[in-house]
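Per-entry structural report
So you can see what is in the structure, the chains are spelled out below.
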Amino acid sequence: MNIIGLTLGRGLGIATVVMGFAANVASADELVMSAWLPPQHPLMTGAILPWAESVEEATEGRVTVRVLPRPLGPPPAHYDLAADGVADITYGLHSFSQDDRFLRSRIGEFSFLGDSGEATSVAYWNTYNGTLDAPAEHEGTKLLSLFVHGPGIFHNNQRRVETVEDFAGLKIRVPGGYIADLSSDLGITTQFMGPGQVYEKLSTGVIDGATFPMEALTAFNLKDHLTHSMTLPGGMYNTSWFLVMNEDRWGDISDDDKAAIEAVSGEAFARLAGSVWDGADAAAAEVVATTDIEVYAAPDDLVTAIQGYAATHEATWADAVAETGFDGVAALAELRERAAE
């Protein structure tokens, strides 16, 4: 069975076994989180674990979060793990879902959103959660927070990209979603995979590069296998992330503790996660500066060309969003304005 089949196939025997395991190990006030990033990843050490501690402190110990040492499934499965009650809490990328249930979340994936992970994450939370009614797209869960990483960069080990034609034929890892579509427009051969698979594929020549924020070069040990990193103002793309809890488990919590958890989640967590990514990007940039990787800004003509492709995707998305009763054009303008504040 391929990874998508594993992600979307519900009711499998293995899920039943794991669900039973989760139920047995969780007490009434203990929430079990499945986490798939490496334990040393900045998001884990700087945001997820501190948030878990904040939940315990905010509820005066009545609710605790236990982060499992190993994930209960592959990264693309994590939203369904929470929705189906296999895990109490999960996080992940909306684009990993490989379907259209998170249509409005794509607003957090577009090019040129902002140069700060913190500012863009807060803007994303307030826009998608507010203007675009994010909770309605997260069926089966309590939406705890939303965030994005720092501006997305185009990394490869073949050549300096200066024109659209220079993208042609490059085999590049993408996280799905908008950047996969944009990359295809540019002539790139896209490869969908989780971040943990990139080192092996890159080091063995299966792929020529990856789309990632700068922090990934150190977080996933990629710097020795890349030669060029191209930046764009506001990012070539971004990724939209969720932090969710199973809806039934949320219902088990008292109203006072729900309010306490919400106070340390939502915008507060979006700000924390975004600031962690900004710090990790800056730290990685310092390391990359000591390597032979050429970090350069995309030429103006190339930026203009990418803006043209991006505008087409934004318009297509806005039309689809309009069919669900929302104004995507206004929402995207709002997000960019908030991110620039």
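The following paragraphs examine the structure supplied in this document. (Residues numbered from 1 in each chain as written. Predicted model: local features only at pLDDT ≥ 70, side-chain atom pairs only at ≥ 80, totals over all residues. Heavy atoms only, no water.)

**Focus: the overall build of the chain**
Helix and strand counts for the chain stand at 13 helices and 11 strands. Whereas a compact globule of 341 residues would reach a radius of gyration of roughly 20 Å, the chain reaches 20 Å, a difference of no more than 12%. In terms of overall dimensions, the chain has a C-alpha envelope of 55 × 45 × 40 Å along the principal axes. Counting all 341 residues of the chain, 52% fall into the buried class. Sequence separation of at least 24 residues holds for 78% of the intrachain contacts in the chain that already meet a minimum separation of 6. Accessible surface, the chain: about 13700 Å² in total, of which carbon and sulfur atoms supply 51%. Distance between charge centres in the chain, computed from 19 positive and 48 negative side chains, equals 5 Å. (Helix = DSSP H or I, 4+ residues; strand = E, 2+ residues; numbered from the N terminus. Rg over C-alpha atoms; globule rule 2.2 N^0.38 Å. Buried < 20%, exposed > 50% of the residue type's maximum accessible area, 1.4 Å probe, protein only. Contact = heavy atoms within 4.5 Å. Areas by Shrake-Rupley, 256 points an atom, 1.4 Å probe, with all protein chains shown as cover. Lys, Arg positive; Asp, Glu negative; His and termini not counted. Charge placed at Lys NZ, Arg CZ, Asp CG, Glu CD.)

**Regarding the sheet that holds strand β3 (residues 89–93)**
Strand order in the open sheet formed by five strands is β2-β1-β3-β10-β4, with mixed pairing between adjacent strands. The sheet is open, and its two borders are formed by β2 (64–67) and β4 (141–148), each paired with just one other strand. Adjacent strand axes in the sheet meet at a mean angle of 25°, parallel and antiparallel pairs treated alike. In this structure, β3 lies alongside strand β10 (residues 240–246), joined through five bridges in antiparallel fashion. In the strand pairing of β10, Ile89 is matched with Met245. Contacts between helix α3 (residues 42–58) and the sheet are confined to β1 (30–34), β2, β3, β4 and β10, with β2 contributing the most and set at about 150° to the helix. On the sheet, helix α5 (residues 117–131) packs against β4 and β10 and is oriented at approximately 145° with respect to β4. (Pairing = 2+ DSSP bridges. Axes fitted to C-alpha atoms, helices over the stretch in contact; angles between N-to-C directions.)

**Here's the deal with the packing of helix α6 (residues 177–185) against helix α12 (residues 300–322)**
Orientation of α6 relative to α12, taken along the N-to-C sense of each, is 130°, at an axis distance of 10 Å. By the angle between their axes, α6 is oblique relative to α12. Read as a crossing pair, α6 and α12 show a hand that is right-handed. Note on element contacts: α12 touches α6 through Ile306, Tyr309, Ala310 and His313, opposite Tyr178, Asp181, Leu182 and Asp185. (Parallel < 35°, antiparallel > 145°, perpendicular 65-115°, else oblique. Left-handed = near helix turned anticlockwise from the far one by under 90°.)

**Considering the pattern of salt bridges**
Opposite charge on two side chains lets them pair, provided their charged atoms get close. For the structure shown, the criterion picks out 17 salt bridges. A salt bridge links Arg101 to Asp80; the nearest nitrogen and oxygen atoms lie 2.8 Å apart. In this pair, Arg101 is assigned in the loop between β3 and α5 and Asp80 in helix α4 (residues 78–83), connecting sequence segments 21 residues apart. The exposure class of Arg101 is partly exposed, given its relative accessible area of 25%. The partner of Arg104 in a salt bridge is Glu137, and the shortest N-O contact between them spans 3.6 Å. (Salt bridge = Lys/Arg side-chain N within 4 Å of Asp/Glu carboxyl O.)

**Observations regarding the sheet that holds strand β11 (residues 294–297)**
The six strands lie next to each other as β7-β6-β8-β5-β9-β11, forming an open sheet whose pairing is mixed. Edge positions in the open sheet fall to β7 (189–192) and β11, since each of these has one partner strand only. The mean inter-strand angle of the sheet, taken between neighbouring strand axes irrespective of direction, is 25°. As paired elements, strand β9 (residues 228–231) and β11 share four bridges and run parallel to each other. Directly across from Thr231, in β11, lies its bridge partner Ala297.

**Section: the packing of α5 against helix α13 (residues 328–340)**
Look at α5 against α13: their axes get within 8 Å of each other, and the N-to-C directions meet at 150°. On the basis of their axis angle, the class for α5 and α13 is roughly antiparallel. Relative to α13, the crossing made by α5 is right-handed. Residues Ala119, Thr120, Ala123, Tyr124, Asn126, Thr127 and Thr131 of α5 touch α13, and the partners they reach there are Ala331, Glu334, Leu335, Arg338 and Ala339. Split into classes, the residues belonging to the contact of α5 with α13 amount to six nonpolar, four polar and two charged. (Nonpolar A, V, L, I, M, F, W, Y, C, P; charged D, E, K, R; others polar.)

From the geometry alone we can't say anything about function, so treat these as descriptive.
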